[in-house]
Amino acid sequence: MDEKYLFNVKKGETLHIVDQDGTYDQDLDPGIPEETLLKMYRMMVLTRTYDEKAIKLQRAGRMGTYPPCSGQEATQAGSVFALKKDDWLVPSYRDICSMITLGISMKDLFLVWMGDDNGNRIPEGINSLPINIVVGSQLLHATGFAWAANIKKENIAVLTYVGDGGTSRGDFHTSLNFAGVFNVPAVYIIENNGFAISTRNKQETHAETLAQKALSYGIRGCRVDGMDVIAVYVAAKEALDRARKKEGPTLIESLCYRFGPHTTSDNPDLYRTKEELEKIMSKTDPVVRFKNYLIKKGIWDDKKESSLQEEAGDLVNKAAKEAEETPPPKFEELFENVFGNMPDYLQDEIDHYRKVSGGE
Ligand SMILES: Cc1ncc(C[n+]2csc(CCOP(=O)(O)OP(=O)(O)O)c2C)c(N)n1
């Protein structure tokens, strides 16, 4: 790792490059090409727009429960931009920005939250597993996937995420311990958004930081300002490069904040004040921070911003419309893609349903 990015995880040091007003540390700035920066920003704006639309659709009864990712766009876009073509993404339910950035269509993502599992069919050529809802279990999938790459002698890296709450699950320990022992090429990003539903960090763990847990697994740990897409990109790139070279897995704690509710089914006013939210949003919005950085670099202005906002609105509305116009899945599909051979008891259920529904 480049020495200047080597922060002391024991002391809880955090990699930070860009301030909220867009001012940046010239020495730490990695000099990402202008075209890439603009693509990154586009993905973050698209996701923010998608998030807002998804909440409206759910509130209008046109979509099921949805877990918003606003506040976490920098963590997700920054890390996905550090992936190479043959690497793999193993997302959890809140990694919408990661999936949009990787190229999964917003229509498919809407379908998933509308209850149509066909949205989880990842198109050929996009290296991502489907959304995982069981907290922390994606860590096991990512670890196994990365271990397989070692066995097959493939020089790829696997990127996965877990929430702060998920680090208290056994799957986290099993995965990180195995990753260290078997030197798997995986990068684990903890999206520390402050909450596991209504449970705050301090009730989840007595550890001072989550990054320091890397020390106990004998792997590299790093803590990054998760509202700073450039810092996340730098940390993820270093970690993914190391993984591909078989230099070991990395645990990155990305400090962000969940702006929305846990999902559209909860009421965050019961466990945090509006003042807390407003204070954090006004000081650390990752999309605003990145926009200010682009303006400071002289590659962004109000005109470009309004045309991007308009385009994002159109694209998101089009995706939502296409998803809503998609015919609902057939009843049998509920049972597909679970077992290679249908168990008798499920076949009985299908037969029974056909009988009572008159063959529908
Ligand atoms: C194994 C398991 N237990 C409980 C749940 C219910 N549940 C869904 S999200 C969540 C909290 C997760 O918090 P965190 O890991 O911090 O991630 P975040 O939701 O904040 O992204 C819980 C308990 C679940 N999906 N899976």
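Residues numbered from 1 in each chain as written. Predicted model: local features only at pLDDT ≥ 70, side-chain atom pairs only at ≥ 80, totals over all residues. Heavy atoms only, no water.

- The chain appears in an unreviewed UniProt entry as Pyruvate dehydrogenase (Acetyl-transferring) E1 component subunit alpha from Methanooceanicella nereidis.

**What about the side chain of Ser254?**
Okay, so step 1: If you trace the backbone, Ser254 turns up in strand E7 (residues 250–255).
Okay, so step 2: The contact partners of Ser254, leaving out residues within four places of it in the chain, are Thr75, Ile189, Ile190, Glu191, Asn192, Val224, Gly226 and Val232. (Helix = DSSP H or I, 4+ residues; strand = E, 2+ residues; numbered from the N terminus. Contact = heavy atoms within 4.5 Å.)

**As for the pairing of strand E3 (residues 186–192)**
Okay, so step 1: The buried count for E3 comes to seven of seven residues, which makes it a mostly enclosed element.
Okay, so step 2: Residues Ala186, Tyr188, Ile190 and Asn192 point to one face of E3 and Val187, Ile189 and Glu191 to the other, with burial holding for every one of them.
Okay, so step 3: Bridging between strand E2 (residues 158–163) and E3 involves six bridges; their strand directions are parallel. Bridging from a neighbouring strand, Leu159 pairs with Val187 of E3.
Okay, so step 4: For the segment spanning E2, helix H6 (residues 170–181) and E3, crossover handedness is right-handed.
Okay, so step 5: Bridge analysis of E3 against E7 gives six bridges, and the strand direction is parallel. Counterpart to Val187 in the pairing with E7 is Thr250. (Buried < 20%, exposed > 50% of the residue type's maximum accessible area, 1.4 Å probe, protein only. Pairing = 2+ DSSP bridges. Right-handed = clockwise from strand over helix to strand, strands pointing away.)

**Here we look at the sheet that holds E2**
Okay, so step 1: In space, the five strands of this open sheet follow the order E1-E2-E3-E7-E6, with parallel pairing throughout. The open sheet has two edge strands with one neighbour each: strand E1 (88–90) and strand E6 (220–225). Here the average twist between neighbouring strands, direction ignored, is 20°.
Okay, so step 2: Along the sheet, helix H5 (residues 137–151) makes contact with E1, E2 and E3, crossing E2 at roughly 165°. (Axes fitted to C-alpha atoms, helices over the stretch in contact; angles between N-to-C directions.)

**Thoughts on unusual backbone geometry**
Okay, so step 1: A positive phi angle, close to 50°, is found at Asn183, a residue other than glycine.
Okay, so step 2: Within the secondary structure layout, Asn183 lies in the loop between H6 and E3.
Okay, so step 3: Taking relative accessible area as the criterion, Asn183 reaches 29% and is therefore assigned partly exposed.

**Observations regarding the nonpolar core**
The nonpolar side chains of soluble globular proteins are, as a tendency, buried together.
Okay, so step 1: Tyr50, Ile96, Phe110, Trp113, Leu159, Ile230 and Phe290 are the most contacted members of the largest nonpolar core, which has 70 residues in total.
Okay, so step 2: The element best represented in this core is helix H9 (residues 229–244), accounting for 11 residues.
Okay, so step 3: Setting aside residues up to four positions removed in sequence, Leu159 forms contacts with Ser79, Val80, Leu83, Trp88, Leu89, Val90, Val187, Ile189 and Leu240.
Okay, so step 4: Grouped together as the second largest cluster of nonpolar side chains are 19 residues, Leu129, Ala142, Phe172 and Ile190 included. (Core = buried A, V, L, I, M, F, W, Y, C linked by side-chain atoms within 4.5 Å.)

**Digging into the pairing of E7**
Okay, so step 1: Here E7 lies mainly inside the structure; five of its six residues are buried.
Okay, so step 2: Here E6 pairs with E7 via six bridges, running parallel. Within E7, the position partnered with Gly221 by the bridge is Leu251.

**Looking at the packing of helix H1 (residues 34–59) against helix H2 (residues 73–80)**
Okay, so step 1: Taken N-terminus to C-terminus, the directions of H1 and H2 make an angle of 140°; their axes are 10 Å apart at the nearest point. The angle between H1 and H2 falls in the class oblique. Of the two elements, H1 crosses H2, and the hand of that crossing is right-handed. On H2, the residues touching Met44, Thr47 and Arg48 of H1 are Glu73, Ala74 and Ala77.
Okay, so step 2: The class makeup of the residues in the contact of H1 with H2 is three nonpolar, one polar and two charged. (Parallel < 35°, antiparallel > 145°, perpendicular 65-115°, else oblique. Left-handed = near helix turned anticlockwise from the far one by under 90°. Nonpolar A, V, L, I, M, F, W, Y, C, P; charged D, E, K, R; others polar.)

**Here we look at the environment of Leu240**
Okay, so step 1: With respect to the element layout, Leu240 can be found in helix H9.
Okay, so step 2: Overall, Leu240 belongs to the buried group, its relative accessible area being 0%.
Okay, so step 3: Taking the C-alpha atoms as reference, Leu240 lies 8.6 Å from Ile156; in sequence the two are 84 residues apart.
Okay, so step 4: Contacts of Leu240, omitting those with residues within four sequence positions, involve Ser79, Ala82, Leu83, Ala157, Leu159 and Val187.

**Examining the pattern of salt bridges**
Okay, so step 1: With the rule as written, the count across this model stands at 21 salt bridges.
Okay, so step 2: Its salt-bridge partner being Glu35, residue Lys39 comes within 3.6 Å of it at the nearest N-O pair. Of this pair, Lys39 and Glu35 both sit in helix H1, four residues apart, which is roughly one turn of that helix.
Okay, so step 3: Take Glu35: its relative accessible area is 57%, and that puts it in the exposed class.
Okay, so step 4: Among the ionic pairs, Arg48 bridges to Glu73, the shortest N-O distance being 2.5 Å. (Salt bridge = Lys/Arg side-chain N within 4 Å of Asp/Glu carboxyl O.)

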